[in-house]
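Each chain, written out:
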Amino acid sequence: MSKPQRRRIEAKQTMSLPSKNHSRDDRRIILGAYYLVPNSHYTEVWRHPYSETDFAGKGIYQRLARFLESSGFDLAFIPESLAAPRGDDGSLARGLEAGELGTIRPDPTILAQAITDVTRTLAVGVTLSTTFWEPYHIARLFGSLNHFSGGRVAWNIITSGGDDNARSFGSPQLPEHDSRYDRADHVVEAASQLWQSWQPDALVADKESGVFADPRRVTEVHYDAGGVALSGTLTLPRAPGGGRPVFIQAGESERGRDFAARWAEFVFSIQNTAENLKSLRDDVRLRAGRLGRGPDAIRLLAAIIPVIGETDEIAQARSRYLTDRIEPLRAARRLARNLGIAVPENLDVPLVAVAGDLEALPKRIRRVAQEVPEAKATFRYVATQIARSSSTAWVVGSPRTVADQLQEFCDSESVDGFIITPTHFPGSFEEFGRSVVPILRDRGLIREPETGSVDFRSRLGLGPVR
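Figured I'd write up the structure that's included with this text. Quick caveat: nothing in here was measured; it's all calculated off a predicted structure.

**Looking at the overall build of the protein**
Next, step 1: Helices and strands together make up the secondary structure of the protein, namely 17 helices and 13 strands.
Next, step 2: Here the C-alpha radius of gyration of the protein, 23 Å, is about what a compact globule of 466 residues would show, namely 23 Å.
Next, step 3: Over its C-alpha atoms, taken along the principal directions, the protein stretches across nearly 80 × 55 × 45 Å.
Next, step 4: Sorting the 466 residues of the protein into buried and exposed places 55% on the buried side.
Next, step 5: In the structure as shown, the protein presents an accessible area of about 19500 Å², 50% of it carried by carbon and sulfur atoms.
Next, step 6: For the protein, the distance from the average site of its 59 positive side-chain charges to the average site of its 59 negative ones is 1 Å.

Okay, here's the thing in structure tokens:
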């Protein structure tokens with residue numbers, strides 16, 4: 001063997017977006033579907049009259065995957081958490097009763113296999129945490145998935161958030177934020193060495209000579225840094241699609257941006273202004289450039305919640321209906337849980353009166369509170385807005401209005417694609433696929449559905465693995 005080696009993006013018929021000084025290039029919009037259940041960034045998904053609720057069986061996910069592929073979506077995006085959600089009182093009871101996000105959470109790798117089994121071109125983004133997984137586990141899982149799928153599985157790299165996740169693994173709390181990213185760097189680095197440990201032509205299977213794998217073309221990996229250690233090689237040959245999964249990352253802290261600049265090919269973001277999206281995209285690309293990566297090495301995917309009607313007026317009525325479905329007490333409990341405080345007796349008290357300095361609040365909550373005058377930013381108002389979208393942009397209108405807005409996002413170079421987030425499951429994706437996607441396709445803004453199998457990296461023209 002060889003030696004080791006500030007405007008809201010919501011529902012306007014016209015939107016003011018960052019200016020663009022040159023014409024749009026040939027890039028196509030990347031479309032993904034966020035498999036969020038039983039709730040999503042909109043917290044009443046499972047209660048919507050059009051939602052299905054068999055979230056534990058694979059049928060609903062496979063039917064949706066077939067539709068996504070036939071419609072021309074590029075990606076099914078699967079989240080991960082490692083603990084059941086709790087209520088504001090710290091109990092499981094309230095989280096389970098409300099069907100909070102993550103109450104049902106199948107293993108993302110098993111779900112990915114179920115999706116790729118019934119599709120030929122649809123890629124799957126699988127979320128796994130570097131805090132709780134070892135490099136060898138990760139390398140073999142994604143190696144297996146990409147061999148079985150023909151190179152269609154991406155890795156959404158997270159470090160996990162919330163001490164409940166740590167308690168599922170016998171620890172009272174998570175490691176400190178930046179130290180989790182330090183470990184993530186080492187985990188990704190070690191896993192990458194495993195993925196590259198077999199040269200593309202190492203598997204010979206020559207029955208006449210009796211050589212199955214050429215040991216001269218397989219590297220034994222020896223890694224020991226940052227508390228991450230392994231010795232050996234992967235028990236799989238080089239996988240299709242460049243040998244490793246496409247990397248996705250969603251952290252927006254300073255440390256998270258540095259991590260994305262080093263590793264990510266896609267950055268996933270939840271923002272509610274085009275300016276914030278463009279700022280993030282430009283910043284991460286600038287950091288990547290300092291590391292020697294090209295300007296198009298990183299693409300930004302923004303979460304959006306489309307609310308579509310036959311006309312703009314009908315869409316606005318649906319938007320109001322969705323907001324009216326939010327239960328004020330449950331919304332208040334969610335916000336209190338996020339802030340680590342008790343629900344105030346008077347929900348109409350200003351948020352700052354019970355939560356303190358806005359600058360010390362989580363970024364998404366702070367954004368909502370700062371969008372309106374302090375007197376309007378009551379606990380009730382902020383709780384409702386968070387329950388409505390968790391700062392995810394709502395795009396409301398007729399199919400043509402929604403398509404216009406998405407095109408403007410991309411023309412302004414704020415984003416490279418969208419992760420569609422549901423208000424009802426799976427109907428939100430079906431409505432978007434049947435009404436908005438044909439308009440985008442007529443404008444040449446999205447890819448035609450593939451007729452044969454193709455790996456994710458080749459489909460999106462991401463270039464070779466560095």
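Next comes the rest of the account.
**What to know about the packing of helix α4 (residues 135-149) against helix α6 (residues 177-195)**
Next, step 1: Put simply, α4 and α6 touch, their axes get as near as 8 Å, and they point 50 degrees apart. Comparing the axis directions of α4 and α6 gives the class oblique. Considering only the axes of α4 and α6, their crossing is right-handed. In this structure, α4 uses P135, Y136, I138, A139, F142 and G143 to contact α6, whose residues at the interface are V187, A190, A191, L194 and W195.
Next, step 2: Along the lines of polarity and charge, the residues of the contact of α4 with α6 split into ten nonpolar, one polar and no charged.

**Some details on helix α1 (residues 59-71)**
One full turn of an α-helix is made of 3.6 residues, so residues set three or four places apart face in the same direction.
Next, step 1: When the terminal C-alpha atoms of α1 are compared, their 18 Å separation across 13 residues agrees well with the 18 Å that a helix rising 1.5 Å per residue should span.
Next, step 2: On the buried face of α1, the contacting elements are β1 (30-34), β2 (75-78), α3 (108-117), α15 (427-435) and α16 (437-442).
Next, step 3: Immediately downstream of α1, the backbone of G72 shows phi near 105 degrees, a positive value.

**Here's the deal with unusual backbone geometry**
Next, step 1: With an omega of -10 degrees, the peptide bond running from V37 to P38 counts as cis.
Next, step 2: Looking at where P38 falls in the secondary structure, it is placed in the loop between β1 and α1.
Next, step 3: In this model, A205 sits at a positive phi of 50 degrees, which is unusual for a non-glycine residue.
Next, step 4: Its location among the elements puts A205 in strand β5 (residues 203-206).
Next, step 5: Although it is not a glycine, S391 sits at a positive phi angle of roughly 70 degrees.
Next, step 6: The class of S391 is buried, set by a relative accessible area of 1%.

**A look at the packing of aromatic side chains**
The description of an aromatic ring pair rests on the distance of the ring centres and on the angle between the ring planes.
Next, step 1: This structure, assessed with the given rule, holds 20 aromatic pairs.
Next, step 2: Ring geometry for F132 versus F169: centroids 4.5 Å apart, planes at 15 degrees, classification stacked. Here F132, found in the loop between β3 (123-129) and α4, pairs with F169, found in the loop between α5 (163-167) and α6; they are 37 residues apart in sequence, far enough to count as distant.
Next, step 3: Counting every residue linked through ring pairs, the aromatic cluster contains Y35, F55, Y61, F425 and F429.
Next, step 4: Lying over the aromatic face of F247, R244 brings its terminal NZ or CZ to 3.9 Å of the ring centre.
Next, step 5: Lying across the ring of W394, R388 places its NZ or CZ 3.7 Å from the centre.

**Brief notes about the nonpolar core**
For soluble globular proteins, the rule of thumb is that nonpolar side chains tend to be buried together.
Next, step 1: If you look at the biggest cluster of nonpolar residues, it comprises 108 residues, and the most contacted ones within it are Y35, W155, L351, V382, F418, F425 and F432.
Next, step 2: Sorting elements by how many residues they give to this core places α6 first, with eight residues.
Next, step 3: Filtering out sequence-adjacent residues up to four positions away, L351 remains in contact with L335, L339, G356, L358, L361, I365, A369, A377, T378, F379 and V382.
Next, step 4: If you look at the next biggest cluster of nonpolar residues, it comprises 18 residues, including I30, A154, I248 and I270.

**Topic: the packing of helix α7 (residues 254-263) against helix α8 (residues 274-290)**
The description of two packed helices rests on the angle between their axes and on the distance between the axes.
Next, step 1: Remark: α7 packs on α8, axes separated minimally by 8 Å, with the N-to-C direction vectors making an angle of 60 degrees. In this view, α7 runs oblique relative to α8, as classed from their interaxial angle. Of the two elements, α7 crosses α8, and the hand of that crossing is right-handed. Across the interface between the two elements, E254, R257, D258, A260 and A261 from α7 touch L280, D283, V284, R287 and A288 from α8.
Next, step 2: Looking at the contact of α7 with α8 residue by residue, the classes come out as five nonpolar, no polar and five charged.

Procedures and definitions
Residues numbered from 1 in each chain as written. Predicted model: local features only at pLDDT ≥ 70, side-chain atom pairs only at ≥ 80, totals over all residues. Heavy atoms only, no water. Helix = DSSP H or I, 4+ residues; strand = E, 2+ residues; numbered from the N terminus. Rg over C-alpha atoms; globule rule 2.2 N^0.38 Å. Buried < 20%, exposed > 50% of the residue type's maximum accessible area, 1.4 Å probe, protein only. Areas by Shrake-Rupley, 256 points an atom, 1.4 Å probe, with all protein chains shown as cover. Lys, Arg positive; Asp, Glu negative; His and termini not counted. Charge placed at Lys NZ, Arg CZ, Asp CG, Glu CD. Axes fitted to C-alpha atoms, helices over the stretch in contact; angles between N-to-C directions. Parallel < 35°, antiparallel > 145°, perpendicular 65-115°, else oblique. Left-handed = near helix turned anticlockwise from the far one by under 90°. Contact = heavy atoms within 4.5 Å. Nonpolar A, V, L, I, M, F, W, Y, C, P; charged D, E, K, R; others polar. Expected span 1.5 Å × (residues − 1). Phe/Tyr/Trp six-rings, centres within 6.5 Å; stacked < 30°, edge-to-face > 60°. Lys NZ or Arg CZ within 6 Å of the ring centre and 35° of its normal. Core = buried A, V, L, I, M, F, W, Y, C linked by side-chain atoms within 4.5 Å.

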